[in-house]
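Understanding the architecture of this molecule
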Amino acid sequence: MVSLNGARGAAEGRAVPLSPPDVVESALAAVAAGAGEVLVHPRTPCGRESLSPRIVGPLLEAMRGAGVSVPLSVSAGIGAEPDPAGRLERVRSWTVLPDRAVVRFAEPGAEELAQALLERGVAVDAVVPLGGEAGGGLAAELGAAPGTEPGPLARFLAWPVRDAARIRLAVELAAADPALVAGLRWLPPVPLLLFGREAAAWPVLRLAARCGAGVRIGVGDVLHLPDGRPARSNAELVAAARGILGASATAGSR
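Quick summary incoming for the structure in this document. Predicted model only: the values in this text are computed from it and were never measured.

Attention now moves to helix α3 (residues 84-93). Considered for burial, the residues of α3 that qualify are Gly 86, Arg 87, Leu 88 and Val 91. In this structure, the buried residues of α3 make contact with α4 (110-119).

All right, on to the pattern of salt bridges then. Side-chain pairs of opposite charge can arise where the charged atoms are in close proximity. Summed over the entire model, instances satisfying the criterion amount to 14 salt bridges. Put simply, Glu 111 and Arg 155 hold a salt bridge, and the shortest N to O gap is 2.8 Å. In this pair, Glu 111 sits in helix α4 while Arg 155 sits in helix α6 (residues 152-158), placing the two residues 44 residues apart along the sequence. Looking at Arg 155, the relative accessible area reads 16%, which means it is buried. We note a salt bridge from Asp 221 to Arg 197, for which the minimum N-O separation is 3.1 Å. Taken together, the positions of Asp 221 in the loop between β8 (214-215) and α9 (234-252) and Arg 197 in the loop between β7 (192-195) and α8 (201-211) put the pair 24 residues apart, joining distant regions of the chain.

One open sheet accounts for 8 strands, arranged β1-β2-β3-β4-β5-β6-β7-β8; its pairing is parallel. Two strands lie at the open edges of the sheet, namely β1 (2-3) and β8, each paired on one side alone. Summarising the sheet, strand β3 (residues 72-75) and strand β4 (residues 100-104) pair through 3 bridges and their orientation is parallel. Within β4, the position partnered with Val 74 by the bridge is Ala 101. Here helix α2 (residues 53-65) sits on the sheet and contacts β2 (38-40) and β3; the angle it forms with β3, its principal contact strand, is near 155°.

This brings us to the pairing of strand β5 (residues 123-130). Most of β5 is tucked away: 8 of the 8 residues are buried. Burial along β5 is two-sided: Ala 123, Asp 125, Val 127 and Pro 129 and Val 124, Ala 126, Val 128 and Leu 130, pointing in opposite directions, are all buried. Both β4 and β5 contribute to a ladder of 5 bridges, which runs parallel. The residue of β5 that forms the bridge with Arg 100 is Ala 123. Note that the unit made of β4, α4 and β5 has a crossover that is right-handed. The pairing of β5 with strand β6 (residues 167-173) spans 7 bridges and is classified as parallel. When the sheet's bridge partners are listed, Asp 125 is paired in β6 with Arg 168.

Another point: the environment of Val 127. Mapped onto the fold, Val 127 is located in strand β5. Val 127 gets classed as buried once you look at its relative accessible area, which sits at 1%. Taking the C-alpha atoms as reference points, Val 127 and Val 222, 95 residues apart in sequence, are found 17 Å from one another. Once residues lying within four places of it in the same chain are set aside, the contact partners of Val 127 are Val 102, Val 103, Arg 104, Phe 105, Ala 106, Ala 170, Glu 172 and Phe 195.

Let us look at the pairing of β3. On β3, burial covers both faces: Leu 72 and Val 74 on one face and Ser 73 and Ser 75 on the other are all buried. Inspection of the sheet shows β2 paired to β3 by 3 bridges, in the parallel sense. Counterpart to Val 40 in the pairing with β3 is Val 74. For the crossover that starts at β2, traverses α2 and ends in the parallel β3, the hand is right-handed.

Here the focus is α2. Structural remark: α-helix, 3.6 residues per turn; residues separated by three or four positions point the same way. Its 13 residues give α2 an end-to-end C-alpha distance of 17 Å, which sits within 8% of 18 Å, the value for a rise of 1.5 Å per residue. For α2, the complete set of buried residues consists of Pro 53, Ile 55, Val 56, Gly 57, Leu 59, Leu 60 and Met 63. Immediately downstream of α2, the backbone of Gly 67 shows phi near 105°, a positive value.

Our next topic: unusual backbone geometry. Trans peptide bonds make up the majority, and among non-glycine residues the majority have a negative phi. Phi at Glu 198 is positive, roughly 50°, even though this residue is not glycine. Relative to the helices and strands, Glu 198 is located in the loop between β7 and α8. Owing to a relative accessible area of 37%, Glu 198 belongs among the partly exposed residues under this scheme.

Interaxial distance between α3 and α4 falls to 10 Å at its minimum, and their mutual angle equals 5°. Looking at the two axes, α3 sits roughly parallel to α4. Contacts from Arg 87, Leu 88, Val 91 and Arg 92 in α3 reach Glu 112, Leu 113, Ala 116 and Leu 117 in α4. When the residues that make up the contact of α3 with α4 are grouped by side-chain class, the tally is 5 nonpolar, no polar and 3 charged.

Analysis parameters
- Residue positions are counted from 1 within each chain, in the order its sequence is given.
- Confidence filtering applies because this is a predicted model: local features only for residues at pLDDT of at least 70, side-chain atom pairs given and counted only at 80 or more, and all residues used for totals across whole chains, interfaces and linings.
- Excluding hydrogens and water, the side-chain values take into account all heavy atoms of the structure.
- We call a residue buried when its accessible area falls under 20% of the maximum for its residue type, exposed when it is over 50%, and partly exposed in between, using a 1.4 Å probe and counting protein chains only.
- Note on conventions: DSSP H or I runs of at least 4 residues are helices, E runs of at least 2 residues are strands, and numbering of each starts at the N terminus.
- Contacts are residue-level and defined by heavy atoms, with any inter-residue pair within 4.5 Å sufficient.
- Take a side-chain nitrogen of Lys or Arg and a carboxyl oxygen of Asp or Glu: if they are within 4 Å of each other, that pair is a salt bridge.
- Here, strands pair whenever DSSP counts at least two bridges between them.
- Every axis in this analysis is a line fitted to C-alpha atoms, fitted for helices over the stretch in contact. Angles between the N-to-C directions lie between 0 and 180 degrees.
- Handedness of a crossover is defined as follows: orient the strands so they point away from the viewer, and if the path from the first strand over the helix to the second runs clockwise, the crossover is right-handed.
- Expected helix span is computed as 1.5 Å times (number of residues minus one).
- For classification purposes, angles smaller than 35 degrees are called roughly parallel, those larger than 145 roughly antiparallel, those between 65 and 115 roughly perpendicular, and all remaining angles oblique.
- Each residue gets one of three labels, nonpolar for Ala, Val, Leu, Ile, Met, Phe, Trp, Tyr, Cys and Pro, charged for Asp, Glu, Lys and Arg, and polar for the others, Gly among them.

All quantities given are derived from atomic positions and should not be read as evidence of function.
Encoded structure:
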């Protein structure tokens with residue numbers, strides 16, 4: 001998956017696509033470089049994230065009309081709509097549907113939002129942060145003290161997964177911790193995607209490649225290449241990721 005823009009703004013460089021024409025161009029180039037899915041944070045003309053059907057629908061239509069043939073995913077988080085009830089209303093009013101939507105289980109109302117998306121026929125990436133400041137380890141996540149709020153992973157596990165074929169667990173790792181990833185093997189039988197942000201992005205991608213998990217990269221997560229050079233585009237990041245995945249596959253076949 002390529003994360004085209006994330007929560008970034010125009011001040012973070014020309015590599016971040018924000019307008020619909022730039023998003024379409026970036027998506028096409030990223031797919032040509034090897035991306036198998038596209039994640040986008042739709043924006044209003046003034047650059048604000050939005051879940052409005054008047055923003056989401058035309059952007060999805062523009063991407064599909066331009067020939068972006070891989071699954072399209074939309075982030076459905078508080079960055080676009082802070083109110084949980086507002087997010088539900090927006091999702092239920094969509095006239096053009098993405099293939100998938102990202103739901104962060106650290107945010108209020110995640111379970112209801114994920115269920116509403118599934119009812120509309122949209123697959124769900126349930127994002128759970130683990131490790132470091134982004135979240136705790138498995139023991140910390142699952143061992144909340146009485147009277148305290150359960151962590152995102154505990155919330156995901158408590159949410160009844162009725163359609164495993166349309167749900168993927170997307171774990172955001174603060175660091176490439178093999179022991180932490182090994183502990184995820186006993187979780188419900190849903191596909192697993194691993195990703196990191198900024199300094200963790202490339203180490204986590206390498207770990208995911210070794211584990212056979214799904215991977216995510218893009219300027220929404222990281223602005224530099226593995227060698228530290230600034231990335232000029234999402235396509236450049238995807239090409240670097242495909243090189244790492246190919247090397248990992250070759251090493252694993254020896």
